[in-house]
Structures are given as C-alpha cells and as structure tokens.
Amino acid sequence: MAPLGAARQRRKRLAVYALCGVLGALGYATTQALRGGGARDDVFGGGHGGEFTKRETHFKHMGDRWDEKGRHRESGFGDADDRKGATTRRYERETRMHHGLGAETARPLQHTPRSISGGSSNAHRDGFKVSSGVANDGDESGNEVNVNDDAGIREPTEDTCHVVENADVWAELTDGVANGLNNQKETSSLCCQACKDLGADKCNLWTWSPTTRACFLKKGDTAYQPLDRRPGIVMTAGAVWPEQPRYVGASVGASSTDAKHPPTCLHTMITSNGQPYMNWQTRVFFQTWLRASGEPGSPLKHFTRVLHRTKNDELMNEVPTIRITPTHKECDEGCDYAVKDRARAIAEWSQLADSKKCSHVLMAEADYLLVRSPPRSVLLAKGHTYGFLFGYIIPWHKDAAPASEKLAEATWGADPKDWPDLKRVPQSGNAPQVVHSDDLSKVATVWADLVEFGETDVTVKNVFGWVRDMYAFDFAAAKVGLTVHYPPVPLNKLMVQPPADEDLGKGCLMHYTWSPILSDSKKNELWRFDKRSFRGGEGSTSYFTVLGEQPLPPAWDPDAGYKLQAGEVVTQNGLELMTLMATTFNTGVRALQKFPMGCHGLEDVRLAREG
C-alpha cells in the first residue's frame, strides 16, 4: 500500500523519531489496520520486536506537500526572501525543521528529568500529585464501590493558548496574512493573540520561534492537532481550542438513586469477555482505580466491569460486574473478533440503573493503569465528550474511503448528499472517553448497530480490520451529534501510551499495549514490558494467570545508548515514564491476593468459570 511504502522511504531520510502511536497517522500499524490483518494488539504495535508507528507517519496524509527529498515545499512560507543575512539563515534552519521535519536542528533540546513515584512514596509530575495511598477495598459482594465525597479540589486555571515549548504542529499556513519573519512577535502570547484575533475560521494553531520571534499562524482540520515533540525542536506551539463546556449538575453528595439527576461524578466502566488474558489485566487495573479514587476530590466514585459472556467467571466477587448475555456466544471460548459483543453489551448496560449512578461514564479498557485521578474538568456538558485522538483513525483517508463510505451509508443513507464531511467524523474511539450517561445511552445503540453491520460487510472487515469497532463508534458519535474533544499529549487529561509518549503531562491513565523492549548500544536486551509474553508465575494454568511483579527498567545512563526494538532512541524522560508504568503495575499487583476473592485455589477458579 502506498502510504506504507512512502513511510518506509521517509524513515531512510529523516531522523529517527520516538515512538508515537497516538501521533502516528498512517504508518505500519495503520496499514495493518486498514488491511484487516493481525489481531487488535498488532494494530497497536503488538508482537515481539515488530515495527511501530513513528511520529513522522502522522504527516503522511500531508504527502502532497513534501518534495522528493522529504522536505516541505517552500511555497506559502511568507515573504521573507530579501537577503541571506544571519537572521534569515537561522530562520531557514528553523523552517526546514519546523515544516520539513528534516534531520537538521538548530540546537538540542534540554531534557529536564521529572520525578516518578514508586513504592510508598509520593511524587509530583507537572504540578499534579501522584498518590501512593490505597483506597478502601471494594465490596466483597462485587456489587458496588463508592468512595470519598467531593473535597472541593481546585484545578489550575486553563491556559487558553495551550502552550507547549519545544514542540511543532503541522497545518496549512493561514492565507492572506503575514507569516514567519514578516509576522514577528516578541512573545509566544502575542503570537497566540494574533491567532485569536483572526478567529477560529482562519486560525486555530500557531507556532513561534524563541530565537527569531517569527510567528506562524495556521489553520488545521482540528485545533487538537497532534504535536511533534522530537528532541531538537526549538519552536513553541499552541492552539486555540473550541469551547469545552463544563458540566453543571447535581452535587456529588446527591442521591445516586435518582436516574434523572445523578450526582456529578465519574463511573468507570470496562468490558471483558472473561478470558484469562483479559482477567489478569482487569485485576491490576481495578487496584490502580482503587488507589486513584481515594485521592481527595477525585470524581471517581463507581466501577463496573461489563462482562459479555454466557456464564459468570472468577472475578464476580472481586470486581464489580454486570454480566450481559452476548450476541455472539461463541466468543466465550475465543473467536475471530473478540470485541464484537462489546458495543452491544455497553448499549444494554447503558439502559440499566447501574449506568446512572454518576452523571458521567469513563469508558476504559483492561490494559490501562491509573496513575492518579482525572480532574473534574473532563466532565463536560451534555453533547460533548472528552476523549483521545488516535492518529491511525482517519475516516477521510483515501485508503479508508471504501469502508468509510460503507459506514456512512449505513449511518446516513445511500445518498452521499446526506452525509456530513467525513473530516467531521472524530478520530477517536470508545476508550478512553468521558461521556454523560444520557449521551452514552444515545450513542451506544447506534454504535452497536454499526458494529453488527461491520460484521456482515466484507469491505468494512477487510479495510478497517481490528479497529472497525473504533470507527463504528466515531460514526455513531457523528450521527447523534456528539462533539468529541481530544487535546493532544501532553495536554490530554486522560491518557498517554508509553513508550509512544515520553512524559505523563496532564494525563492520568497509561495504556501499556505498546510493549517496549529496551536494548543498549551493543544490542543487549536489558528490559521488556510485553503484556503478550506474560505467562504468569508458578501455579498458572490455561484458565488462570498467577500475577507477579515485573522487573523495572535500568537506571538512566546517558552513555548506554538506550534504544527500543525498532531503533528509536530512548530519552531520560521516556525511560522515567516507562519506569512509572512498571512501578504502577507492580503496585497494583502487590495489592492483590493470589486468587480472586471467593476463590481459595485453582479448583475454585475452574468451578467459578464454569458458572
């Protein structure tokens, strides 16, 4: 497929990027998804030592603006072509790096190591406390977990310019206005204000040079454009986001029995088919949820695992669970698409009283870890959700078009005149997503119907592969009129994906699907954190995994030449985030007893799984 070939050619020309599944748009992982090959884990960079989506691939769908040497075409940069003085040469260096993503950089980025939490200590990262306290244990009946009331915690005032230093953002330069050296601003704030003054129709992104004071005003398809944060970038990037209206509803102390006016809080919900691989991940995630929900002022109040299985399993007494009878009963023992029952199960759960205990639902997945509680500001008004941008979800891309058109027809009818611009379809998925419980009830049924349609349509299955339920959710969200907000990392308040991302930023969740394998300059493997290779400790069987703590990465050594399995250079910040990931995982494991609550040995687990 052409995008894959082009991406491979660019890798030979450009400097190696750090991993970034979030920022990647159409590299190897996307191509696999569009071909429908492999398992869902493979789409996210699975396998052992497989190729990963690079940051550079985020820019593939801008390919018509690259020349044959991988540089940005110079037209439209502004009018600074008067003389070749030192300032102009410095400007040209920056614009080559800024727009062309070439290997040349003006000066190295100085990384400032951040502290991480481990064991029983507390740590602070970017001004957010990382709590090590363990919350109250769950109800042994498995029916409900309800922890602390509102402590009135205050969040920092939102930066309306959304400034990120040492970052770049790709978008077309705004037409008809001065740019670059012809638009010099003394500060990044003034550059931001110039963008605001033009209005969102003309400018929603900007970048500013701290050395030349050049201000670039840009208009992207979305103000939530992913950021390029490679070492060496000297620019400051920012955005003017659309309004994220906060939810105003009943207080946290209100009764949770009033389904029409539930308290303002967050109900975390995951789904599972009850397979052992899913269950050990669920056990760890739930323990990290308990810790995070115990933080003062946390909006996390309830947790539900929606089990789409014909029988109960061994976690019924340990993790609050609602079982929904699946449409595809064969998936109890494994099937070709393990999540084909997820949307329908969520749709059915969204009609139950259990889903109305809080104003909002955080849809999550089992392979997440909660490092800290999300802030209350992710609870948005009805009609708006707070989610995550996945760069490989591109409904309007030419390679996605055959399947996107099928989903559009199933969503809006056969006449393309009735379809919206496919660029208005979100680039997200159902998880992570914070959505009002009423909105979830609306979108889940449409989503489930589209998933079922996809299971009967060869084009959707072959083109979208193992991310077809994510695409289905996005089309459903567009159908019911949901506005999905997904700020980029490090400004996203929900999730990061180590090692694709190198610092936690404002995030609270870590998604550990990327399976980093760390080596030194001599190609000695030093460490790996690969969920697919976890075989469990002594006593593990085909139906139950005995969990144990995982090794931590080595300490930072600037002379070791740390790299990941596809050759990506590991920075100190990146290593710290991977260490935080492993430490958080181990903290969850330590909080677990060997067998789930109500089970005293493997025979009890086996009997529980048989229902």
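The following paragraphs examine the structure supplied in this document. (Residues numbered from 1 in each chain as written. Predicted model: local features only at pLDDT ≥ 70, side-chain atom pairs only at ≥ 80, totals over all residues. Heavy atoms only, no water.)

Things to note about the overall build of the protein chain
Along the backbone of the protein chain there are 13 helices and 21 strands. Across the 611 residues of the protein chain, 59% fall into the buried class. In the protein chain, 77% of the contacts between residues at least 6 apart in sequence involve partners at least 24 apart. Looking at the protein chain as shown, the accessible area adds up to about 23,300 Å², and 48% of this sits on carbon and sulfur atoms. (Helix = DSSP H or I, 4+ residues; strand = E, 2+ residues; numbered from the N terminus. Buried < 20%, exposed > 50% of the residue type's maximum accessible area, 1.4 Å probe, protein only. Contact = heavy atoms within 4.5 Å. Areas by Shrake-Rupley, 256 points an atom, 1.4 Å probe, with all protein chains shown as cover.)

A closer look at the packing of aromatic side chains
According to the stated counting rule, one finds 24 aromatic pairs in the structure shown. Aromatic pair F286 and F303: ring centres 4.8 Å apart, planes at 55 degrees, arrangement tilted. Of this pair, F286 sits in helix α6 (residues 276-293) while F303 sits in strand β11 (residues 300-308), and the two are 17 residues apart along the sequence. You'll find F286 and F303 in the same group, each marked buried. Seen from their ring centres, F534 and F585 are 5.7 Å apart, and the 55 degrees between their planes marks the pair as tilted. Taken as a pair, F534 in the loop between β21 (525-528) and α12 (572-590) and F585 in helix α12 lie far apart in primary sequence, 51 residues in all. Like F534, the residue F585 is buried in the burial classification. Taken together, the ring pairs connect Y277, W280, Y512, W527, F529, F534 and F585 into an aromatic cluster. (Phe/Tyr/Trp six-rings, centres within 6.5 Å; stacked < 30°, edge-to-face > 60°.)

A look at the nonpolar core
In this structure, L440, F475 and F585 are the most contacted members of the largest nonpolar core, which totals 108 residues. Counting residues per element, this core draws most heavily on α12, which supplies eight residues. Residue contacts for F475: discarding those within four places in its chain leaves P395, S404, L407, A408, T411, W412, L422, V425 and L450. Counting residues in each nonpolar core, the second largest holds eleven residues, with C161, A194, C215 and V240 among its members. (Core = buried A, V, L, I, M, F, W, Y, C linked by side-chain atoms within 4.5 Å.)

Quick look at the pattern of salt bridges
For the structure on display, the rule yields 28 salt bridges. Of the charged contacts in the structure, one is a salt bridge between E314 and R609, with a shortest N-O distance of 3.0 Å. Residue E314 is found in the loop between β11 and β12 (321-324), and its partner R609 is found in helix α13 (residues 602-609); the two are separated by 295 residues along the sequence. Measuring nitrogen to oxygen at the nearest pair gives 3.7 Å for the salt bridge that ties K398 to D399. On the accessibility criterion, K398 (58% relative accessible area) is exposed. (Salt bridge = Lys/Arg side-chain N within 4 Å of Asp/Glu carboxyl O.)

Regarding the sheet that holds strand β14 (residues 368-370)
Strand order in the open sheet made by the three strands is β14-β19-β18, with mixed pairing throughout. Sheet topology places β14 and β18 (495-496) at the edges, where each strand pairs with a single neighbour. Pairing analysis gives three bridges linking β14 to strand β19 (residues 509-511), with the strands arranged antiparallel. Within β19, the position partnered with Y368 by the bridge is H511. (Pairing = 2+ DSSP bridges.)

Structural notes on α12
Over its 19 residues, α12 extends 27 Å from the first C-alpha to the last, a length consistent with the 27 Å expected when each residue adds 1.5 Å. Of all the 19 residues making up α12, 17 are buried; the element is thus mostly covered by neighbouring parts of the structure. (Expected span 1.5 Å × (residues − 1).)

Remarks on α6
In a regular helix each residue adds 1.5 Å, so 18 residues correspond to 26 Å; α6 covers 26 Å between its end C-alpha atoms and thus fits that length. Of all 18 residues that make up α6, 16 are buried, and the element is covered over most of its length.

Here we look at the state of the cysteines
Put plainly, a disulfide is one covalent bond tying together the sulfur atoms of two cysteines. Throughout the structure, instances matching the rule amount to five disulfides. Each sulfur of the disulfide joining C161 and C192 lies 2.1 Å from the other. Residues C161 and C192 share a disulfide whose torsion about the S-S bond is about -95 degrees; that sign makes it left-handed. Residue C161 is found in the loop between β2 (128-130) and β3 (164-165), and its partner C192 is found in helix α5 (residues 188-198); the two are separated by 31 residues along the sequence. Taking the relative accessible area as the measure of exposure, C161 reaches 11% and is therefore buried. On the basis of relative accessibility, which here comes to 0%, the residue C192 falls in the buried class. The disulfide partner of C195 is C203, and the gap between their sulfur atoms is 2.0 Å. Its S-S torsion of approximately -110 degrees makes the covalent link between C195 and C203 left-handed. Look at C195 and you get buried, because its relative accessible area is 0%. (Disulfide = S-S within 2.5 Å.)

Observations regarding the environment of L379
Tracing the sequence through the fold places L379 in the loop between β14 and β15 (384-386). A residue is classified by how much of its surface remains accessible, and L379, at 3% relative accessible area, is buried. In this structure the C-alpha to C-alpha distance between L379 and Y247, which are 132 residues apart in sequence, comes to 5.8 Å. Each residue touching L379, except ones within four places of it in the same chain, is listed here: R246, Y247, T264, C265, L266, S359, H360 and V434.

Comments concerning the sheet that holds strand β6 (residues 205-208)
Spatially, the five strands line up as an open sheet ordered β3-β9-β6-β7-β5, and their pairing is antiparallel. Both edges of this open sheet fall to β3 and β5 (172-173), since each of them pairs with a single strand only. Across two bridges, the pairing between β3 and strand β9 (residues 236-239) is antiparallel. Paired with V164 across the bridge in β9 is A237. Where α5 meets the sheet, its contacts fall on β6, β7 (215-219) and β9, and the angle it forms with β6 comes to roughly 155 degrees. (Axes fitted to C-alpha atoms, helices over the stretch in contact; angles between N-to-C directions.)

A word on the packing of helix α8 (residues 401-412) against helix α11 (residues 468-480)
Running from N to C, α8 and α11 point in directions that differ by 40 degrees, and their axes come no closer than 10 Å. With respect to α11, the element α8 is oriented oblique. In this structure, α8 meets α11 at a crossing whose hand is right-handed. Residues S404, L407, A408, T411 and W412 of α8 touch α11, and the partners they reach there are Y471, A472, F475, A478 and K479. (Parallel < 35°, antiparallel > 145°, perpendicular 65-115°, else oblique. Left-handed = near helix turned anticlockwise from the far one by under 90°.)

Looking at unusual backbone geometry
Of note, the amide linkage connecting A431 to P432 takes the cis form, showing an omega dihedral of -5 degrees. Looking at where P432 falls in the secondary structure, it is placed in the loop between α8 and β16 (433-436). With a phi close to 50 degrees, N166 is a non-glycine residue in the positive phi region. Looking at the element boundaries, N166 is found in the loop between β3 and β4 (168-169). Of note, the phi angle at R213 is positive, near 65 degrees, even though the residue is not glycine. Take R213: it is sitting in the loop between β6 and β7.

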